[in-house]
Structures are given as C-alpha cells and as structure tokens.
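# Observations on the model geometry
Listed here are the chains, written in short residue letters.
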Amino acid sequence: MPLDVAPRSTRPERLRVRVQGAVQGVGFRPFVYGLAERYQLSGFVLNDQNGVLAEIEGALSEMFLSALQRERPVLARIDEITVTSLPVLGQQGFAIRDSLSAGPGASVGVPDAATCESCLKDLFDPSSRFYLYPFVTCTDCGPRFTITRHTPYDRANTSMAAFKRCERCAADYGDPSSRRFHAETIACAACGPRLSHPVDEIAAALLEGRIVALKGIGGFHLLCDATTEDAVRILRQRKHRPARPFAIMVGSGFWPFARPTEAERTLLQSSARPIVLVRKGSGLAGSVAPGLSRVGVMLPSAPVHHLLCRANSCALVVTSANIAGEPLIIDNDAAMNQLGAIADLIVTHDRSILRRADDSVMTMIDRAPAFIRRGRGFTPEPIDLGEDGPSVIGMGAHLKTTICVTRGREAYVSQHLGDLNTAETIRFYNYTLHRMLADLGVEPQLVACDLHPDYRTTRIAESLGLPLLRVQHHAAHLAAVAAEHHLGQELIGVALDGYGYGSDGAAWGGELMVGDGGNWHRVGHLRPLAVPGVERAAREPWRMGVAALIAIGRGGETAERFSCHPLTAPLAKMSSNAAVPATTSMGRLFDAAAALLGVCEDQSYEGQAAMELEALVDCPEALPGGFSIEQDMLDFRPLLGDLLQPGLGAQKGASLFHGTLIAGLTDWIGRYAEQRGKTDIVLGGGCFMNRILADGLTQALRQRGLNPWLPRLVPANDGGISLGQAALARAHLMARRQERT
Ligand SMILES: [Zn+2]
Ligand SMILES: [Zn+2]
C-alpha cells in the first residue's frame with residue numbers, strides 16, 4: 001500500500017460544528033461528548049442561542065461527522081449541521097461547557113416525552129436505585145416544556161431547581177458513561193419530587209370505584225375505573241358532563257378494551273403519547289363514550305401511570321381536571337380548592353407544572369395521523385414554513401384557540417388554549433401570547449386576527465398597537481393547510497366547518513375558494529339553510545331539522561316530527577321568513593340530517609350530532625340524484641328529502657348522507673378544478689375530523705385525478721386557524737415588500 005498519500009482523516013484538523021434543530025434538553029451535549037471520546041477528539045460542546053456548538057480537534061473528525069448524522073439522541077431533531085475549518089490548537093481533552101445565555105434566535109426547547117424503555121426497566125427493577133420511583137427520567141425522556149420557566153434548558157431554569165441533587169444523582173450527572181450524564185431532570189427517591197400518596201393507596205381507591213385527581217405532566221387529570229358503570233356515571237354527574245366522550249388509559253395489552261390498527265398502535269407508542277381514537281373493544285362501561293364507535297386511548301406517559309396501570313390491570317378513564325370551560329388545573333392549591341367536589345382523592349406532587357399542556361388528541365385520517373387537539377408531547381415543536389419571512393402573530397379564532405408566532409422560516413403554534421369564554425381562559429391566552437413573544441425574542445410586524453368583530457381575540461389584537469390584518473375564517477383554515485405543505489401557487493380549497501364569519505357578515509361553513517398563498521376568495525358555497533335561533537341552533541340540532549323540512553317544502557311535517565319541542569310551531573313560522581339568518585355551514589347540515597334521522601335532536605357538546613351520525617356509518621353509499629349544482633352552489637335538498645323515506649333507518653340514512661356528501665363534493669370540486677385547469681385541492685375545517693367524510697372525499701378526488709391535501713401538523717378545526725392567519729400575514733408583508741423593490 002503506497003504511503004505517500006495519507007488519507008485525509010489521519011491529519012489532525014479542528015472544526016467548528018454548529019447543529020440546529022431540537023437539540024437542547026435532549027441529551028445532545030452528552031451525545032457529542034460520547035462521540036468525541038469514541039473518536040479521540042479534543043475540544044468542547046455547549047448550548048447557545050442557535051442550538052449546539054462544538055469545536056472538535058483530532059484525526060478522526062470525519063468519522064465524528066458521519067456518526068453525528070447517522071446517530072442521534074432519540075428526542076433530537078437535526079435541521080442543519082454547518083461545519084467550518086479552524087486552525088489547529090493542539091488542545092487536550094474534551095469538555096461540556098455551560099450554556100451561553102439565550103438571546104434572539106434562542107431555542108425554545110423541546111416537548112415533554114414519555115418514560116423511555118430504559119427508565120421503565122429501572123422503574124420495575126428491584127436492584128435499581130430508581131425502583132418504583134414515580135419521577136424517574138433520563139436524557140431521553142421526562143418532562144421538558146411543562147417544567148421550563150425560560151430557556152436555555154438548564155435545571156436552574158426549570159421547576160427541578162427546587163431539588164438539590166443528592167450525591168449519587170450528582171455522580172450520575174457527571175458521569176459520561178451514565179444514561180443520565182447531564183440529564184437536567186435527574187432525581188431519585190432520596191433527593192427528588194414526591195407523590196402525596198403511595199401508589200397502592202391510589203390504586204386501591206380506583207379499584208373501589210372512586211374518583212381520583214392526579215397531577216400529571218401537563219396538568220391534573222381525573223381518573224376512575226373505566227370498566228365500572230357506576231364510577232363513570234358518578235364522574236359524569238360531578239363534572240357536569242353528560243355525554244362528551246372520555247378517553248381511557250390502558251397498560252400493556254389493549255385487548256379487550258380497544259382494537260387499534262398497526263398504525264394506531266405506532267402512534268400510541270410514540271414518545272408524545274397522544275390520545276388516539278381507536279375502534280372500541282369490549283368491557284368498557286357504556287358511559288365512557290356513549291353513542292360512538294371509537295374511544296380515545298392513551299398509553300402511560302409518566303412513571304406514575306405505569307405504576308398505576310400495573311397495580312390495576314384494567315382501563316382507567318383519564319380526563320382533564322378542570323371546571324367546565326376553565327383551563328386545565330396545574331397548581332396544587334387550585335386542585336385542592338376546586339376539585340374537592342369532584343374527586344374523592346386528590347394526589348399531588350411537589351414538582352411544579354410551569355406551563356399547562358392538555359393531552360394531544362389524534363386520529364388516523366386518510367391513512368396518516370391527524371390532530372384533533374395539539375398540546376402535550378408536541379408543543380413547542382415548530383412547523384417549517386419552507387422559507388424565511390418576517391415575524392407575525394396569528395391570534396386564532398374563539399373556540400379551541402391557539403396562538404401562532406413566526407420566526408424566520410418557523411411557525412410556533414401554542415398548545416391548545418381552549419374556548420375564550422371565561423376570565424381564566426383569557427388570562428391563560430394573554431399569558432401564553434406574552435410568553436411566546438419573550439421566548440422567541442421577536443418583534444412581530446403584523447398581527448392577523450379573525451374577521452369577526454366581537455371575538456375576544458380580535459379585541460386583544462386591536463389592543464396590541466401593531467399593524468392589523470383581518471383574515472376571513474375559512475381563508476385561514478385553507479391557508480394553514482397550504483402553509484404546512486408549502487403550497488404556494490394558485491390553489492383550490494374547500495372549507496367545511498361549523499361556523500365562521502363570512503366576508504359578507506353571514507355565517508359561512510361550506511365554501512369553495514381560490515387562493516394563491518396571500519389571498520383566498522370564495523367562488524362557491526353550499527346552498528344556505530335558515531338558522532332559526534342562530535346560536536341555539538348550533539346546540540339544538542332539531543332546529544336545523546325544522547329549517548331543513550321547510551327548505552324542502554315539507555314544513556307541514558315539523559309539528560309531527562319534532563313534537564317534543566314546544567317551540568316547533570313558532571320556529572317553523574320563523575324559518576319560513578326570508579329575513580331569518582341563513583348559513584352555508586356543513587356542520588349545520590350534519591345537524592339537520594341527524595335531527596331528521598332521529599339520531600340526535602339536542603346536543604350536550606359541540607359536534608355530538610355529527611359524531612353520532614358518523615359512528616353509525618359502515619360503508620358510505622351515494623344516493624343517485626341526491627344533490628344538484630347550479631352556478632357553483634352545491635344543493636343537498638334532494639338528499640334531505642330522501643332521509644325522510646319511511647322505514648329507512650338511522651344506519652342506512654347515515655350511510656346515504658355521508659356517501660352523497662362525498663359524491664356531491666367530489667363533483668362540485670372536480671368540475672371547478674377542471675374548469676380552472678388545477679389539480680391541487682386544499683381541504684380544511686372541523687368537518688375533516690370526520691373520518692368517513694375525509695377518507696371518502698380524498699379517495700374520490702384522487703380517482704378523479706386530483707391531488708387532495710389535508711392538515712397534518714395542526715388540527716383541521718379552529719385549533720389550526722392561528723397558523724393560517726400567520727401564513728397569510730407573512731404572505732401579505734412579503735408581497736408588499738416585493739412591490740416596493
Ligand atoms: Zn429515560
Ligand atoms: Zn438523587
């Protein structure tokens with residue numbers, strides 16, 4: 001072998017390595033340290049405002065770089081590695097240096113992660129010093145976002161600052177061969193947080209059918225045995241929640257309570273541990289998810305959950321502990337004060353939750369995961385917008401609100417904040433807005449809010465003293481989908497939703513739109529239906545049933561069909577009046593169908609009628625002639641008439657309703673797309689959480705040669721509005737800049 005040409009890697013060199021992405025709080029510095037040891041490199045690694053910065057020196061730096069790309073800590077996400085050459089210093093040894101203070105461009109940290117497999121082994125290993133310790137963590141797992149006061153992510157800036165590491169924990173923290181080397185959350189029974197009650201006592205209370213409030217990662221939960229009808233019923237009574245479905249937590253093995261598919265199982269086991277909607281099995285109390293075919297399932301996410309699930313080998317109801325309409329409770333004091341009337345046992349611990357995060361809820365739509373609610377396990381993970389842009393704020397709408405703040409090419413969408421109906425929720429909203437601006441260190445140049453003049457978010461936006469852009473609700477829904485998929489060119493979109501303020505002030509919710517990134521305008525809509533008693537109509541589907549009967553010329557049947565409602569006659573008269581407000585909402589059309597089929601006449605939670613209708617469908621079936629299209633207005637009156645056929649049955653009716661909607665929408669969208677010579681179709685709005693509708697429509701659109709896009713990174717419902725608003729605000733600013741140059 002010729003020796004005159006030495007391989008490049010044998011010559012010592014010094015490199016500066018900059019790693020960007022989710023690299024802080026995930027054990028990245030120890031990981032770099034380990035690689036440096038492996039390849040006998042000297043230098044240092046530290047966290048700074050842009051991520052992780054390392055300088056390495058030695059002969060094997062190329063092997064280091066390839067390992068850096070190949071391997072990585074489980075919770076890390078690498079966006080970019082930049083390498084620059086430096087003069088060789090002849091330095092000895094490798095060190096982890098302290099974090100440089102945060103500044104503009106600082107990392108905002110990483111999401112909370114469920115207990116990892118290795119910690120789970122420690123938890124149940126009698127020879128481990130973490131045996132049965134309910135707060136065991138390592139660099140690969142544990143709380144992050146919810147315990148961080150501010151960045152950079154160091155123990156001193158988290159609620160773990162209250163606990164001084166014992167000698168053994170300090171030794172592990174400093175030991176490069178330990179899994180807990182530089183694990184900021186390291187703690188053990190001798191030095192760390194403690195539960196207020198022994199696990200055995202909690203497990204026994206649950207077995208006896210009691211309601212337990214338990215402090216989790218992002219807030220308190222209410223728990224009870226999901227297999228005991230009495231326990232679940234009592235929880236419903238005390239929580240004043242008659243029908244809205246509860247989620248369950250199951251330990252190892254899902255059988256018999258739920259039947260997840262392979263893909264759902266993978267999603268359940270991901271480190272974010274979301275609640276996933278899964279086909280119901282058997283053995284659950286009927287009142288866990290009444291009238292529905294699916295149930296929200298969650299696997300244990302914290303060590304205490306594993307301990308409880310092992311002690312009680314059953315399913316547990318796990319629901320957010322809050323007073324109706326208020327934010328999730330996170331403080332021990334608030335739990336003691338407010339949950340006494342609901343829970344028989346209140347279990348706290350002494351590690352503070354600094355940032356509230358509701359459980360994330362997901363479902364498989366069109367064979368891929370989709371959000372229903374985005375919170376714990378995902379916040380503060382940013383969404384890549386594909387290109388750099390000015391910093392803006394999206395304020396969200398009114399229900400299921402989130403806030404979006406952009407920085408560079410990234411969009412940060414807050415955790416689910418809730419419905420802005422109470423002072424506490426509004427306080428939480430304002431706090432989150434200011435926290436996000438501080439964490440991100442940005443000065444937004446434009447604020448986007450909803451067109452609705454009376455939304456609280458609109459008022460707050462007006463009070464910020466920044467330039468304001470008012471964005472139509474459904475334009476925001478569609479812009480959100482276009483933003484996450486980086487779709488820029490002229491697009492066709494369909495928003496199917498419950499309610500949104502239209503640019504003509506009317507109630508919209510079934511809209512065909514055209515957009516080009518910066519602007520969306522309406523080119524078609526569903527045929528309007530009267531909304532008798534506007535806001536009440538959204539809670540009382542029978543009112544939409546009356547409106548539907550009148551719309552199809554069968555107003556004479558209202559009294560007989562909805563006889564149990566004393567207001568039927570005056571309402572029918574009102575609905576026939578041309579002056580009564582009307583809506584193009586798909587959500588209200590679902591309500592009308594559910595009422596006509598006798599599935600749901602009054603609802604106790606938003607979307608109940610539509611969800612119960614969906615649950616009845618086995619296979620959607622299109623009714624020939626069930627719709628008509630005139631001047632880009634889609635009319636389902638023939639379908640509504642057919643739902644009244646004597647002896648049709650709710651199940652058959654629900655299948656016909658869904659099948660005909662899919663056929664009608666496909667034809668409507670298809671004709672328009674062909675006319676405009678476009679193939680990309682953006683789909684947004686709360687109705688796309690309906691699997692039957694979303695699966696059926698995307699499939700039918702593809703068969704027609706079109707290319708449907710669904711939201712994947714934010715919910716299809718109003719939880720995704722803030723992202724769309726922000727995307728439109730950025731596009732607006734960027735278009736203005738282009739005009740100027
Ligand atoms: Zn771990
Ligand atoms: Zn310790």
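Residue numbers restart at each chain and count upward from 1, following the sequence in its written direction. To read the labels, note that chains go from A and ligands from 1, taken in the order they are written. The predicted origin of the model limits local features to residues at a pLDDT of at least 70 and limits the giving and counting of side-chain atom pairs to 80 or more, whereas totals for whole chains, interfaces and linings rest on all residues. Water and hydrogen atoms play no part in the side-chain values, which are based on all heavy atoms of the structure.

## Details of the overall build of the chain
Secondary structure elements are taken from DSSP: a helix is a run of H or I of four residues or more, a strand is a run of E of two residues or more, and numbering for both begins at the N terminus. When its secondary structure is counted, the chain shows 22 helices and 30 strands. Throughout, radius of gyration means the C-alpha value; the globule benchmark is 2.2 Å times the number of residues raised to the power 0.38. Taken against the 2.2 N^0.38 rule, which gives 27 Å for 741 residues, the C-alpha radius of gyration of the chain at 28 Å falls within 12% of a compact globule. Along the first, second and third principal axes, the C-alpha atoms of the chain reach 95 × 70 × 55 Å. By residue count, 59% of the 741 residues in the chain fall in the buried class. The contacts of the chain with a sequence gap of at least 6 include a subset with a gap of at least 24, amounting to 72%. Only protein chains enter the accessibility calculation, which uses a 1.4 Å probe; a residue is then buried when its area is under 20% of its type maximum, exposed when over 50%, and partly exposed in between. Contacts are residue-level and defined by heavy atoms, with any inter-residue pair within 4.5 Å sufficient.

## Regarding the packing of helix α14 (residues 541-551) against helix α17 (residues 586-596)
At a minimum axis distance of 7 Å, the contact between α14 and α17 shows a crossing angle of 90 degrees. Between α14 and α17, the interaxial angle falls into the category roughly perpendicular. Residues Pro 541, Trp 542, Met 544, Gly 545, Ala 548 and Leu 549 of α14 form the contact with α17, whose own contacting residues are Arg 588, Asp 591, Ala 592, Ala 595 and Leu 596. When the residues that make up the contact of α14 with α17 are grouped by side-chain class, the tally is 8 nonpolar, 1 polar and 2 charged. Interaxial angles span 0 to 180 degrees and are taken between N-to-C directions of axes, which are lines fitted to C-alpha atoms, for helices over the stretch in contact. Oblique is the label for any angle not covered by the other classes, which are roughly parallel (under 35 degrees), roughly antiparallel (over 145) and roughly perpendicular (65 to 115). Each residue gets one label: Ala, Val, Leu, Ile, Met, Phe, Trp, Tyr, Cys and Pro are nonpolar, Asp, Glu, Lys and Arg are charged, and the others, such as Gly, are polar.

## Quick look at the coordination of the zinc ion (ligand 2)
Only nitrogen, oxygen and sulfur atoms count as donors, using a 2.8 Å cut-off from the metal that widens to 3.2 Å for Na, K and Ca. Water is left out, so coordination shells may look unfilled. Protein coordination at the zinc ion (ligand 2) comes from Cys 166 (SG), Cys 169 (SG), Cys 188 (SG) and Cys 191 (SG), with a distance range of 2.2 to 2.3 Å. Angular criteria define each label, namely tetrahedral for four donors with all angles between 85 and 135 degrees, square planar for four and octahedral for six donors with opposite donors over 155 degrees apart and remaining angles between 65 and 115, and irregular for whatever fails these tests. Taken together, the 4 donor atoms coordinating the zinc ion (ligand 2) and their angles of 104 to 115 degrees define a geometry best described as tetrahedral. Mapped onto the polypeptide sequence, the residues donating to the zinc ion (ligand 2) form the spacing pattern C-x2-C-x18-C-x2-C. Of this pair, Cys 169 sits in helix α4 (residues 167-173) while Cys 191 is found in the loop between α4 and α5 (199-207), placing the two residues 22 residues apart along the sequence.

## Some remarks on the sheet that holds strand β3 (residues 51-58)
Strands pair in a sheet through their backbones, by hydrogen bonds, and they do so in one of two ways: parallel or antiparallel. Pairs of strands are assigned from DSSP output, requiring at least two bridges between the strands. As summarised here, the arrangement of the 5 strands in space is β4-β1-β3-β2-β5, forming an open sheet in which the pairing is mixed. Each edge of the open sheet is held by one strand with a lone partner, namely β4 (77-86) and β5 (94-96). Taking the axes of each pair of neighbouring strands and ignoring which way they run, one obtains an average angle of 15 degrees across the sheet. Pairing analysis gives 7 bridges linking strand β1 (residues 13-22) to β3, with the strands arranged antiparallel. Within the sheet, the bridge partner assigned to Val 17 lies in β3 and is Ala 54. Packing against the sheet, helix α1 (residues 28-38) makes contact with β1, β2 (42-48), β3, β4 and β5, and its axis sits at approximately 175 degrees to β5. Sitting on the sheet, helix α2 (residues 61-70) is in contact with β1, β3 and β4, with an inclination near 10 degrees to β1.

## Regarding the nonpolar core
What we call a nonpolar core is a set of buried Ala, Val, Leu, Ile, Met, Phe, Trp, Tyr and Cys residues that are connected through their side-chain atoms within 4.5 Å. Counting residues in each nonpolar core, the largest one holds 65 residues, and the members touching the most others are Met 586, Leu 589, Phe 657, Leu 661, Leu 665 and Ile 669. A total of 10 residues in this core trace back to one element, the largest contributor, which is helix α20 (residues 650-676). Contacts of Leu 589, omitting those with residues within four sequence positions, involve Leu 526, Leu 529, Phe 636, Leu 640, Phe 657 and Leu 661.

## A look at the environment of Ile 81
As for its position among the elements, Ile 81 is in strand β4. Residues Ile 81 and Pro 708, 627 residues apart in the sequence, show an inter-C-alpha distance of 34 Å. The residues contacting Ile 81, other than those within four sequence positions of it, are Val 17, Arg 18, Val 19, Leu 68 and Gln 69.

## Description of the sheet that holds strand β17 (residues 392-394)
Within the open sheet, the 6 strands sit side by side as β16-β19-β18-β17-β20-β21. Their pairing is mixed. The open sheet is flanked by β16 (383-384) and β21 (468-471), the only strands paired with a single partner. Note: strand β18 (residues 404-407) against strand β19 (residues 410-413), 4 bridges, orientation antiparallel. Across the sheet, Val 405 pairs through a bridge with Tyr 412, a residue of β19. Helix α10 (residues 423-440) rests against β17, β18 and β19 of the sheet, and its axis sits at about 10 degrees to β18. In the packing of helix α11 (residues 456-463) onto the sheet, the strands contacted are β20 (446-450) and β21, and the crossing angle to β20 comes to about 160 degrees.

## Some words on the packing of aromatic side chains
Stacked, edge-to-face and tilted are the three classes for Phe, Tyr and Trp ring pairs, Trp counted by its six-membered ring, which pair at centre distances within 6.5 Å; planes under 30 degrees apart are stacked, over 60 edge-to-face, the rest tilted. Throughout the structure, instances matching the rule amount to 7 aromatic pairs. Look at Tyr 33 and Phe 94: their rings are 6.0 Å apart centre to centre, the planes differ by 75 degrees, and that puts the pair in the edge-to-face class. Residue Tyr 33 is found in helix α1, and its partner Phe 94 is found in strand β5; the two are separated by 61 residues along the sequence. Judged by relative accessible area, which is 14%, Tyr 33 ranks as buried. Plain terms: the ring middles of Phe 371 and Phe 378 are 4.7 Å apart, the flat faces sit at 90 degrees to each other, and that makes the pair edge-to-face. Residues Phe 371 and Phe 378 agree in their burial class; the two are buried. Ring pairs connect the aromatic residues Tyr 33, Phe 94 and Phe 181, which therefore count as one cluster. The ring of Tyr 173 carries Arg 165 above its face, with NZ or CZ at 3.9 Å from the centroid. In this scheme, Lys NZ or Arg CZ marks a charge over a ring once it lies within 6 Å of the ring centre and within 35 degrees of the ring normal.

## Side note on the pattern of salt bridges
Any two side chains of opposite charge can pair, on the condition that their charged atoms come close. Each reported salt bridge corresponds to a side-chain nitrogen of Lys or Arg within 4 Å of a carboxyl oxygen of Asp or Glu. On inspection of all chains with the given rule, the structure shows 41 salt bridges. Residues Arg 16 and Glu 55 are paired through a salt bridge, measuring 3.0 Å at the closest nitrogen-oxygen approach. Of this pair, Arg 16 sits in strand β1 while Glu 55 sits in strand β3, placing them 39 residues apart in sequence. Here Asp 454 and Arg 459 are joined by a salt bridge, their closest N and O atoms 3.3 Å apart.

## Focus on the packing of α5 against helix α8 (residues 303-311)
Where α5 meets α8, the axes come as close as 9 Å, and the angle between the chain directions of the two elements is 55 degrees. On the basis of their axis angle, the class for α5 and α8 is oblique. Considering the relative orientation of α5 and α8, their crossing is right-handed. Every residue of α8 that contacts α5 at Val 199, Ile 202, Ala 203 and Leu 206 is listed here: Leu 307, Leu 308 and Ala 311. Within the contact of α5 with α8, the residues separate by chemical class into 7 nonpolar, no polar and no charged. By convention, the crossing between two helices is left-handed when the near helix turns anticlockwise from the far helix through less than a right angle, and right-handed when the turn is clockwise.

## Quick word on the confidence of the model for the chain
Known as pLDDT, the predictor's per-residue confidence is scaled from 0 to 100. Of all residues in the chain, 97% have pLDDT values of 70 or greater, and the mean over the chain is 92. Within the model, the stretch residues 1-7 combines pLDDT values under 50 with 0 contacts to residues more than four positions away or in other chains.

## Section: the side chain of His 473
Here His 473 is to be found in helix α12 (residues 473-484). Sequence-distant contacts of His 473, that is, excluding residues within four places in its chain, are made with Ala 397, Asp 450, Asp 497, Tyr 499, Gly 500, Tyr 501, Asp 718 and Ile 721.

## Re the environment of Lys 164
Along the polypeptide, Lys 164 turns up in the loop between α3 (117-123) and α4. Using a relative accessible area of 73% as the deciding quantity, one classes Lys 164 as exposed. Along the backbone, Lys 164 and Gly 192 are 28 residues apart, and their C-alpha atoms lie at a distance of 7.7 Å.

## Quick look at the pairing of β18
Of the two faces of β18, both are covered, the one formed by Cys 404 and Thr 406 as well as the one formed by Val 405 and Arg 407. Sheet topology note: the β17/β18 ladder contains 2 bridges and is antiparallel. Directly across from Gly 394, in β18, lies its bridge partner Cys 404. Connecting β18 to the antiparallel partner β19 that follows it, the hairpin turn spans 2 residues, and Gly 408 within it adopts a positive phi of roughly 60 degrees.

## So, unusual backbone geometry
In this structure, Pro 380 follows Thr 379 across a cis peptide bond, with omega equal to 5 degrees. Look at Lys 400: it is not a glycine, yet its phi comes out positive at around 45 degrees. Topologically, Lys 400 is positioned in the loop between β17 and β18. For His 486, which is not glycine, the phi torsion reads 55 degrees and is therefore positive.

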